[in-house]
2 protein chains.
Amino acid sequence: MNLPVLNEQEIEFLLYDFLDTENLLQRPRYHEHSKETFNATLETARQIAEKYFANHNAKGDSQEPTFDGETVTIIAETKQAWDAFAEAGFLAAHYEFEKGGMQLPEVILRAAMAYFNAANVATSGYPFLTIGAANLINEFASDAQKETYLPYMQSGQFAGTMALTEPNQGSALADIKTKALPQADGSYRLFGTKMYISGGDQNLTENIIHMVLARIEGAPAGTKGISLFICPKYLVGENGQLGARNDVKLAGLLHKMGYRNTTSTVLNFGEEQGAHAFLVGEANKGLFYMFQMMNEARIGVALGASCLGYQGFQYSLEYAKGRPQGRHPSNKDPESPQVNIIKHADVKRMLLAQKAYSEGALALCLYASSLMEDSKTAESDEQRQQAFKILDLITPMVKSWPSKYALRANELAIQVLGGSGYIREYPVEQMYRDNRLNPIHEGTEGIQGLDLLGRKVPMGNLENYQLLISKILETSSQFANDSELSDGSTKLVNAVNRLNQVTSHLMAALAKGKVDSGLANATLYLDIFGHTLVAWIWLRQMAVANEKLKAREALSADQIHYYLGKLQAGKFFIRYELPQIYANCDLLESLDSTCLEMQEDWF
Amino acid sequence: MNLPVLNEQEIEFLLYDFLDTENLLQRPRYHEHSKETFNATLETARQIAEKYFANHNAKGDSQEPTFDGETVTIIAETKQAWDAFAEAGFLAAHYEFEKGGMQLPEVILRAAMAYFNAANVATSGYPFLTIGAANLINEFASDAQKETYLPYMQSGQFAGTMALTEPNQGSALADIKTKALPQADGSYRLFGTKMYISGGDQNLTENIIHMVLARIEGAPAGTKGISLFICPKYLVGENGQLGARNDVKLAGLLHKMGYRNTTSTVLNFGEEQGAHAFLVGEANKGLFYMFQMMNEARIGVALGASCLGYQGFQYSLEYAKGRPQGRHPSNKDPESPQVNIIKHADVKRMLLAQKAYSEGALALCLYASSLMEDSKTAESDEQRQQAFKILDLITPMVKSWPSKYALRANELAIQVLGGSGYIREYPVEQMYRDNRLNPIHEGTEGIQGLDLLGRKVPMGNLENYQLLISKILETSSQFANDSELSDGSTKLVNAVNRLNQVTSHLMAALAKGKVDSGLANATLYLDIFGHTLVAWIWLRQMAVANEKLKAREALSADQIHYYLGKLQAGKFFIRYELPQIYANCDLLESLDSTCLEMQEDWF
């Protein structure tokens, strides 16, 4: 069974019906574009993803990268994929024309990225990280630094990494230990070890530009003393010429459960004389710079998770359509023919859950991308600020919700296939293994929960929170009297009201200085807020489908089925998933301290 | 970090405090035993498990069995483990003394098996299946058949398998196609293909005895036409002498995500002249016989799942105790030392959830084993019947609850370790991969849900159901006024009342002939009933701990901590987990038809 990479109908719906992406053409930055150039971009992505990424998704898993002490070897198809991606201009596509880019909107490029993720999430890691590293340079580095590195990161000659994590620090960035010693020439020498650095070494590009967080000697403790450095594998001269090998060495590869074709590395900086490195922007502002990009990376991780969830859904759907087994419970005649398993209510439940999770997650990621776009190019200052505020608030949920629930989708995809789902002769077990990474990297669920409840919600006296809530209630009231949508609308309002109560209680506790108990169940808060947010995303998708179905005579049978499916998946989410929040709402509201009070010795 | 295999304190608590296993010594069958012989058995199991099973758990995963077209090769340590298991007498331990056994109770042997499962669930598969196959012969075969096979399956010369599943039938046993042609000498010849047969071929034993479900030519359609056969790899003469190679051939190995050191095979019966096979018991009663054993196998699967969950809990616990990272949210001083992550509320939550899931699952499995014991050896006929009735009712939950929630525990173990959890350099990712099999084999969750709601609950006008409910309410009322237990007691009563309402609604629907809609959400019913059942299991564990703590002066500090931990984990389950059922109760009560109504074309 050959699975297509994503589904064009779904992407088309999300971009042009759910989000009004065509409207971006009104903005000056996109005057030279058209729906045709947008779609041509997506079509190119789809073709390259199918030809150069999907072809080695399984092979990169079974023949993972190796390191012989000297050289890292990655299967050759990876290099071909990298080259195809670079040659099509995707490494630079979001830059302005005059910077060698295609001046394409964020949301179109994220949709394009979805094709690569769906085809091969591990190989997609290399361009994904390179784009992120280049963005950091483009945003915060000096003109000379930009000139030295950017053209070659855009062309695909150099790759990039983000080197944050250290062996003894993990999520606690405040405790980064890598040292930067200032040199007479204004450069620095780095000493320290970074761990879990994706793409930290490879044999795809002639050079690798590491964006490294380190602490300049004498800098203040904690997050206020962290600076950002460019640290290339090979020093770079004029016109991209490679100089000496820098003192950054691969200590070893880590061997992941999934996501295997992305190398995961331990890098030693300064085993000898120190790794040459160049400060980006101002000293001690490194974490601030990194966070700008981390939000992009968080959407990126979530998009990868969503695509894995979606592919598992599509695969198990096709399997269920073609696999006869059993009969309806009401049919006791063993001589009657078996039905395909898609006819069984429980299989439909597992498929509907996958659809609700993965399409909800995909829609959430593209909505976040549209907010990112709006925060930069919306017409008015107010619109730009509003988009930024909502994006800033929801980023923890955008990161974590798809990571958690698209993994659940993959768990169900395996279950639909039964024994076949558990063996490597079928692709869904790899999706499940690949996807298990996503709740960990770019901020674990626990970190996202603390970020949401401890920082993003209270910010500006709950201004951003109120803004989002008002938008959700606006949608709900809009459809309160529509026969198809009123049930969902009412249930969403109830959920929002409950969320508001819980939030008030928690804010009151935090205001009274009950910081540790107020934040003790922050991960549950992340979950209930995420579910409410996605219920809104679903109601909006349902509203579009409902509108389309009102002009049913203009639709093909296939379109009618597609929209009916959207309605049913939305109903599923609102009936089966949204009510799950209430038990956790009660726990949160009561400031339950069962976990906080548990003692180490009692385990 | 070297992880012990299970935890003797936990097993001791479950056997002698939670279950009154010592009381079995009163029964005539165990008069020659003592608590010392019970414990010596457990200690032997622990030692063999640590020495011969734990040693190759990781190796059997990374160097999985291979097949060169002629021979299956399994890493040599597996054979040593098999031999040690057999030599210690565990293959025969539950048989009477005069049958060469040790006449040990079921619950002690299950606890012993837990050590092997915890050490290496995949290698444990071989003895586990052999015991099951031998039990089938012992229970239903003729004396001549017993004599031919049993001594060698007890000694470890022969292994056994259970060959049910076929490529095009999966869960639908009614549609088994393997044919049995009667021969003049009273034997049969088998023709057909079996798939996912664990241990279907190996290089551990000189012979393999397959217990095969097949359909005698002309038998009725469906489950009423299935017979059980003994089909050895090599024909067996007198005194275990091997004869000709039988016509059952390994078509190939399947390559699983986990559980890798257990071969998973496709077997062809009758590629040539037909595989010699011997009918067990009466024709067309095969499924009835198999189901007797399947219930044992279901507890076995659940026990394996529970042990994997428990090992992940123990590993992540030790990791969390020794891993410094971050500070409490209320501490803003970056120069203060980091705390170990076990101090973080969210990490405690993840550990408590693992403790609640895995210890709850383990307790449930051993309780089920004690019911199995009681159903055979309890003093009065009534007690035996009562035990059988409750066991029969709860078996679907005993199989499915640990399989689902111990996997969730492993998911959390990975999350506690963060990046380390995701790499093969640490053991928890293998546990997660191994455990993913358990919701699939020996009846998927969907199958268990239908079995529970469609057969086990309504049976005898809900007699068994009412019996269990009255037992649960008895426990609750017993502790309704205890200051430590009253909250849990009240919440359990509320849950039971709600379960009763939901059950009544569903039974009424089924009685009205609404079979398909009544059973549409059977998997959710399985889940809410399972959670209620485990809440009872937890309240009973809490009650024991509470009682012990009343005589605190007689306890060591370690014991006090252990019992406080039991209380807290029970509270966690009742506060964080049990309330999750209510949303699904509402769905079930409303006979929600969202899934049933979903159409294939709409996906």
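Worth saying up front: this structure is predicted, and the values here are computed from it rather than measured.

Points about the overall build of chain A
Thinking step 1. For chain A, the helix and strand inventory stands at 20 helices and 12 strands.
Thinking step 2. On the principal axes, the C-alpha backbone points of chain A span a range of 80 × 60 × 60 Å.
Thinking step 3. Across the 603 residues that make up chain A, the buried fraction comes to 65%.
Thinking step 4. Put simply, of all contacts in chain A between residues at least 6 apart along the chain, 75% involve residues at least 24 apart.
Thinking step 5. About 21000 Å² of surface is accessible on chain A, with carbon and sulfur atoms providing 48% of the total.

Concerning helix 17 (residues 557–577) of chain B
Thinking step 1. Compared with the 30 Å implied by 1.5 Å per residue over 21 residues, the 29 Å span of helix 17 of chain B between its first and last C-alpha is a close match.
Thinking step 2. Helix 17 of chain B sits mainly inside the fold: 16 of its 21 residues count as buried.

Here we look at the UniProt feature "domain: Acyl-CoA dehydrogenase/oxidase N-terminal" (unreviewed entry) in chain A
Thinking step 1. In this numbering, the UniProt entry assigns the feature "domain: Acyl-CoA dehydrogenase/oxidase N-terminal" (unreviewed entry) to residues 39–156 of chain A.
Thinking step 2. Between the C-alpha atoms that bound residues 39–156 of chain A there is a distance of 24 Å. The span itself is 68% helix and 3% strand.

Let's talk about the relation of the copies chain A and chain B
Thinking step 1. Each copy superposes on the other: chain A lies on chain B with an RMSD of 0.0 Å after a rotation of 180 degrees and an axial shift of 0.0 Å. Both chain copies can therefore be described as sitting about a two-fold axis. Among all C-alpha atoms of chain A, that of Gln580 of chain A lies closest to the rotation axis, at 3.4 Å.

Regarding the confidence of the model for chain A
Thinking step 1. Model confidence for chain A is summarised by a mean pLDDT of 96, while 100% of its residues fall at 70 or above.
Thinking step 2. Both scores are available for the predicted complex, with the pTM at 0.98 and the ipTM at 0.97.

Considerations on the pattern of salt bridges
A pair can form between side chains of opposite charge whenever their charged atoms are brought close.
Thinking step 1. Per the stated rule, a full pass over the model turns up 78 salt bridges over all chains.
Thinking step 2. Among the ionic pairs, Glu411 of chain B bridges to Arg408 of chain A, the shortest N-O distance being 3.1 Å. Taken together, the positions of Glu411 of chain B in helix 10 (residues 381–417) and Arg408 of chain A in helix 10 (residues 381–417) put the pair across two chains.
Thinking step 3. Taking relative accessible area as the criterion, Glu411 of chain B reaches 12% and is therefore assigned buried.
Thinking step 4. Notably, a salt bridge pairs Glu359 of chain B with Lys566 of chain B, separated by 2.8 Å at the nearest N-O pair. Of this pair, Glu359 of chain B sits in helix 9 (residues 345–377) while Lys566 of chain B sits in helix 17, and the two are 207 residues apart along the sequence.
Thinking step 5. The exposure class assigned to Glu359 of chain B is buried, which follows from its relative accessible area of 2%.
Thinking step 6. Assessed through its relative accessible area of 0%, Lys566 of chain B is described here as buried.
Thinking step 7. In the salt-bridge network here, residues are joined through shared partners; they are Glu8, Glu43, Arg46 and Glu50 of chain A.

Some remarks on the packing of helix 5 (residues 106–119) of chain B against helix 6 (residues 121–140) of chain B
Residues and elements named next belong to chain B.
Thinking step 1. The contact between helix 5 and helix 6 brings their axes to 6 Å, and the two run at 140 degrees. Between helix 5 and helix 6, the interaxial angle falls into the category oblique. Contacts between helix 5 and helix 6 pair Met113, Phe116, Asn117 and Ala119 from the former with Val121, Ser124 and Phe128 from the latter.

Some remarks on the UniProt feature "domain: Acyl-CoA dehydrogenase/oxidase C-terminal" (unreviewed entry) in chain A
Thinking step 1. This chain's UniProt record puts "domain: Acyl-CoA dehydrogenase/oxidase C-terminal" (unreviewed entry) on residues 284–450 of chain A.
Thinking step 2. Note that residues 284–450 of chain A is 75% helix and 0% strand, and that its end C-alpha atoms are spaced 23 Å apart.

Concerning the nonpolar core
Thinking step 1. If you look at the biggest cluster of nonpolar residues, it comprises 351 residues, and the most contacted ones within it are Tyr525 of chain A together with Tyr525 of chain B.
Thinking step 2. Leave out the neighbours within four places in its chain, and Tyr525 of chain B touches Leu452, Leu453, Val457, Tyr465, Leu499, Val502, Thr503, Leu506 and Leu588 of chain B.

Concerning the interface of chain A and chain B
Thinking step 1. Facing 95 residues of chain A, the contacting portion of chain B comprises 96 residues.
Thinking step 2. Interface area for chain A against chain B, summed over the two sides, is near 8700 Å², with a carbon-plus-sulfur share of 56%.
Thinking step 3. Joining chain A to chain B, the criterion identifies 8 salt bridges.
Thinking step 4. Here chain A and chain B share 51 residue pairs in polar contact (both at pLDDT 80 or more) between them.
Thinking step 5. The element contributing the most residues to the side of chain A that touches chain B is helix 18 (residues 557–577) of chain A, with 8 residues.

A word on the pairing of strand 11 (residues 264–269) of chain B
All names here are of chain B.
Thinking step 1. The element strand 11 is largely enclosed, with a buried count of 6 among its 6 residues.
Thinking step 2. Of the two faces of strand 11, the one lined by Ser264, Val266 and Asn268 and the one lined by Thr265, Leu267 and Phe269 are each fully buried.
Thinking step 3. The sheet contact formed by strand 5 (residues 188–198) and strand 11 spans 5 bridges and is antiparallel. When the sheet's bridge partners are listed, Ile197 is paired in strand 11 with Thr265.
Thinking step 4. Where strand 10 (residues 248–254) and strand 11 come together, 6 bridges link them in antiparallel fashion. Across the sheet, residue Leu254 finds its bridge partner in strand 11, namely Ser264.

A closer look at the domain arrangement of chain A
Residues and elements named next belong to chain A.
Thinking step 1. Examined at the domain level, chain A breaks down into domain 1 (8–284), domain 2 (285–443) and domain 3 (447–603).
Thinking step 2. Inter-centroid distance (C-alpha atoms) of domain 1 to domain 2 is 24 Å.
Thinking step 3. Contacts between the two partners involve 46 residues from domain 1, matched on the other side by 39 residues from domain 2.
Thinking step 4. Together domain 1 and domain 2 conceal approximately 3700 Å² of surface at their shared face, both sides included; 68% is due to carbon and sulfur atoms.
Thinking step 5. Our enumeration of links across domain 1 and domain 2 arrives at 3 salt bridges.
Thinking step 6. A salt bridge links Arg433 to Asp61; its shortest N-O distance comes to 2.8 Å.
Thinking step 7. Counting across the domain 1 and domain 2 interface gives 14 residue pairs in polar contact (both at pLDDT 80 or more).
Thinking step 8. Elements supplying a minimum of two residues to the side of domain 1 that touches domain 2: helix 1 (8–18), helix 3 (57–62), helix 5 (106–119), helix 6 (121–140), strand 6 (207–216) and strand 7 (227–232).
Thinking step 9. A per-element tally of the side of domain 1 that touches domain 2 places helix 5 first, with 8 residues.

Remarks on helix 16 (residues 522–550) of chain B
Thinking step 1. Its 29 residues place the ends of helix 16 of chain B 42 Å apart at the C-alpha level, agreeing with the 42 Å of an ideal helix rising 1.5 Å per residue.
Thinking step 2. Counting buried residues in helix 16 of chain B gives 26 out of 29 residues, a clear majority hidden from the surface.

Section: unusual backbone geometry
Thinking step 1. A positive phi angle, close to 60 degrees, is found at Tyr196 of chain A, a residue other than glycine.
Thinking step 2. Secondary-structure assignment places Tyr196 of chain A in strand 5 (residues 188–198).
Thinking step 3. Here Leu591 of chain B, not a glycine, exhibits a phi torsion of approximately 50 degrees, which is positive.
Thinking step 4. Within the secondary structure, Leu591 of chain B is located in the loop between helix 18 (581–589) and helix 19 (594–597).

What about the side chain of Asn138 of chain A?
Residues and elements named next belong to chain A.
Thinking step 1. Summarising the element assignment, Asn138 is placed in helix 6.
Thinking step 2. The exposure class of Asn138 is buried, given its relative accessible area of 16%.
Thinking step 3. Separated by 3.3 Å, the side chains of Asn138 and Lys99 make a polar contact.
Thinking step 4. In this structure, Asn138 is in contact with Tyr95, Lys99, Lys146 and Leu150, ignoring residues within four places of it in sequence.

Some details on the environment of Asn295 of chain B
Residues and elements named next belong to chain B.
Thinking step 1. Along the chain, the position of Asn295 falls in helix 8 (residues 286–322).
Thinking step 2. Residue Asn295 is classed as buried on the basis of its relative accessible area, which comes to 16%.
Thinking step 3. Once you skip the residues sitting within four places of it in the chain, Asn295 turns out to touch Asp392 and Thr395.

Considering the packing of aromatic side chains
Thinking step 1. The tally for this structure, following the rule as stated, stands at 47 aromatic pairs over all chains.
Thinking step 2. A centroid spacing of 5.6 Å and a plane angle of 70 degrees characterise the contact between Phe13 of chain B and Tyr562 of chain B, whose relative ring orientation is edge-to-face. With a gap of 549 residues between them, Phe13 of chain B in helix 1 (residues 8–18) and Tyr562 of chain B in helix 17 connect regions that are remote in the sequence.
Thinking step 3. What makes Phe13 of chain B buried here is its relative accessible area of 1%.
Thinking step 4. One aromatic cluster is present, built from ring pairs that chain together Phe53, Phe85, Phe90 and Phe116 of chain A.

What counts and how
All chains use their own residue numbering, which begins from 1 and follows the written sequence. Chain labels run from A onward and ligand labels from 1 onward, assigned in the order the entries are written. Local features are withheld for residues below a pLDDT of 70 in this predicted model, meaning they are given only at 70 or higher, and side-chain atom pairs are given and counted only at 80 or more; totals for whole chains, interfaces and linings count all residues. Remark: hydrogens and water are excluded; side-chain values derive from all non-hydrogen atoms of the structure. Going along the chain from the N terminus, every DSSP run of H or I of four or more residues is numbered as a helix, and every run of E of two or more is numbered as a strand. Only protein chains enter the calculation, and the probe is 1.4 Å; a residue is then buried if its accessible area is under 20% of its type maximum, exposed if over 50%, and partly exposed in between. Two residues qualify as a contact provided that any one of their heavy atoms is within 4.5 Å of a heavy atom in the partner residue. We get accessible surface area from the Shrake-Rupley algorithm with a probe of 1.4 Å; when it comes to residues, only the shown protein chains can shield them. In a helix, the anticipated span is given by 1.5 Å times the number of residues less one. UniProt positions are given in the numbering used here, feature names are shortened, and annotations may be inferred rather than shown by experiment. Copies are brought into register by a least-squares superposition over C-alpha atoms of residues with pLDDT of at least 70 in both. The pLDDT score gives, residue by residue, the confidence of the prediction method on a 0 to 100 scale. Whenever a carboxyl oxygen of Asp or Glu lies within 4 Å of a side-chain nitrogen of Lys or Arg, that contact is scored as a salt bridge. Axis angles are defined between N-to-C directions and span 0 to 180 degrees, where every axis is a line fitted to C-alpha atoms and, for a helix, only to the segment in contact. Note on terminology: angles under 35 degrees are roughly parallel, angles over 145 are roughly antiparallel, angles of 65 to 115 are roughly perpendicular, and the others are oblique. Side-chain atoms within 4.5 Å are what join buried Ala, Val, Leu, Ile, Met, Phe, Trp, Tyr and Cys residues into a set we call a nonpolar core. Accessible surface is computed with a 1.4 Å probe, and the buried area is the amount of it that two parts give up when combined, taken over both parts together. We define a polar contact as two N or O atoms separated by no more than 3.5 Å, with the added condition that, inside protein, one atom must be a possible hydrogen donor and the other a possible acceptor, whereas residues neighbouring each other in sequence contribute only through side-chain atom pairs. Only strands that DSSP links by at least two bridges are regarded as paired with each other. An automatic or database domain assignment supplies the residue ranges for each domain. Whether two aromatic rings pair depends on their centres lying within 6.5 Å, for rings of Phe, Tyr and Trp, where Trp uses its six-membered ring; planes under 30 degrees apart make the pair stacked, over 60 edge-to-face, and the rest tilted.

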